[in-house]
Amino acid sequence: MTHYTGAVPAAPRPTDWRLLGACAGLDPDRWFPKPGNVVAVRAAKSLCFGCPSMLKCASHALTRNEETGVWGGLSEGQRTTIRKKYKLHQLENPAVLEAAVYEALHFELNPTETLRDVWDTNTYVLPGGHLGWSGASTSFSFHGIPITPKQLAFLLDRGRKAVGIVRRAPECPVVECVHPQHLLDADERRQRVAAAKAARAATDLAA
Ligand code: SF4
Ligand SMILES: [Zn+2]
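Residues numbered from 1 in each chain as written. Chains lettered and ligands numbered in written order. Predicted model: local features only at pLDDT ≥ 70, side-chain atom pairs only at ≥ 80, totals over all residues. Heavy atoms only, no water.

**A short note on the domain arrangement of the chain**
Alright, step 1. Its domain assignment divides the chain into domain 1 (17-109) and domain 2 (115-206).
Alright, step 2. Placing a centre on the C-alpha atoms of domain 1 and another on those of domain 2 gives a separation of 34 Å. (Domains from an automatic or database assignment.)

Here it is in structure tokens:
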């Protein structure tokens, strides 16, 4: 006797990423914490970071504009940042999506990395004693705090946060230079102007 019925066996279907997710079967509310509940967001993210569906989940949320909750380890703010940086069609490319997600989560996935490590990894020497920056030139997020390469240079060198915008000093002609000694914050620019005025006044008096 045979069990053959003549029916074509159904082709195996790819399993839905949701069913493979680390949150499958758990209370979905855990991934939709109340605004400001940092502890709950962290708890949700920690499960996402070990989830085999993390990138598919992130892709779903980014391309469908999911506004609330933790998806693919990304908070609402992190998804907004990615959406501002990348166009939708770019995020449909798996390689771009993966790079965007891991860039956003870099410091959470590498919690022992310090700002000094980031500086050492991303700077390179330019001719004439200037320093270049090989990472994202605009700004990056360090544990949720946005910082630019020039602000980082200033912070590590002066041991304090910059006041206002950090700009190249007029003596440095290299647009991309991040050498801390070639940078000035708003306070230092003000001090320079005041010192120049005082020097001029002293010269006038002596004349
Ligand atoms: S990444 Fe997070 S939210 Fe998405 S399926 Fe996995 S555990 Fe669930
Ligand atoms: Zn310079």
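Next comes the rest of the account.
**Considerations on the coordination of the zinc ion (ligand 2)**
Alright, step 1. Listed as protein donors to the zinc ion (ligand 2) are His130 (ND1), Cys172 (SG), Cys177 (SG) and His182 (ND1); their distances from the metal cover 2.1 to 2.3 Å.
Alright, step 2. Geometry at the zinc ion (ligand 2) is tetrahedral, judged from the four donor atoms that bind it and their angles of 99 to 117 degrees at the metal.
Alright, step 3. The sequence pattern formed by the donor residues of the zinc ion (ligand 2) is H-x41-C-x4-C-x4-H. (Donors = N, O, S within 2.8 Å, 3.2 Å for Na, K, Ca; no water. Tetrahedral: all angles 85-135°; square planar, octahedral: opposite > 155°, others 65-115°.)

**Looking at the side chain of His130**
Alright, step 1. As for its position among the elements, His130 is in strand S2 (residues 130-133).
Alright, step 2. A polar atom in the side chain of His130 sits 3.2 Å from the side chain of His182. (Helix = DSSP H or I, 4+ residues; strand = E, 2+ residues; numbered from the N terminus. Polar contact = N/O pair within 3.5 Å; in protein donor to acceptor, adjacent residues only side chain to side chain.)

**Here we look at the packing of aromatic side chains**
Alright, step 1. For the coordinates displayed, the defined rule picks out five aromatic pairs.
Alright, step 2. Arranged with centres 6.1 Å apart and planes meeting at 35 degrees, the rings of Phe107 and Phe140 form a pair that is tilted. Separated by 33 residues along the polypeptide, Phe107 in helix H7 (residues 106-109) and Phe140 in strand S3 (residues 140-142) bring together distant segments of the chain. Each member of the pair, Phe107 as well as Phe140, is classed as buried. (Phe/Tyr/Trp six-rings, centres within 6.5 Å; stacked < 30°, edge-to-face > 60°. Buried < 20%, exposed > 50% of the residue type's maximum accessible area, 1.4 Å probe, protein only.)

**Here's the deal with the environment of Pro35**
Alright, step 1. Mapped onto the secondary structure, Pro35 falls in the loop between helix H1 (17-20) and helix H2 (38-48).
Alright, step 2. Looking at Pro35, the relative accessible area reads 83%, which means it is exposed.
Alright, step 3. Between the C-alpha atom of Pro35 and that of Asn122, which follows or precedes it by 87 residues, the distance is 34 Å.

**Considerations on the site of ligand 1**
Alright, step 1. Neighbouring residues of ligand 1: Trp17, Gly21, Ala22, Cys23, Trp31, Cys48, Cys51, Met54, Cys57, Val70 and Gly72.
Alright, step 2. Here the shell around ligand 1 is built from residues that sort into nine nonpolar, two polar and no charged. (Near = heavy atom within 4 Å. Nonpolar A, V, L, I, M, F, W, Y, C, P; charged D, E, K, R; others polar.)

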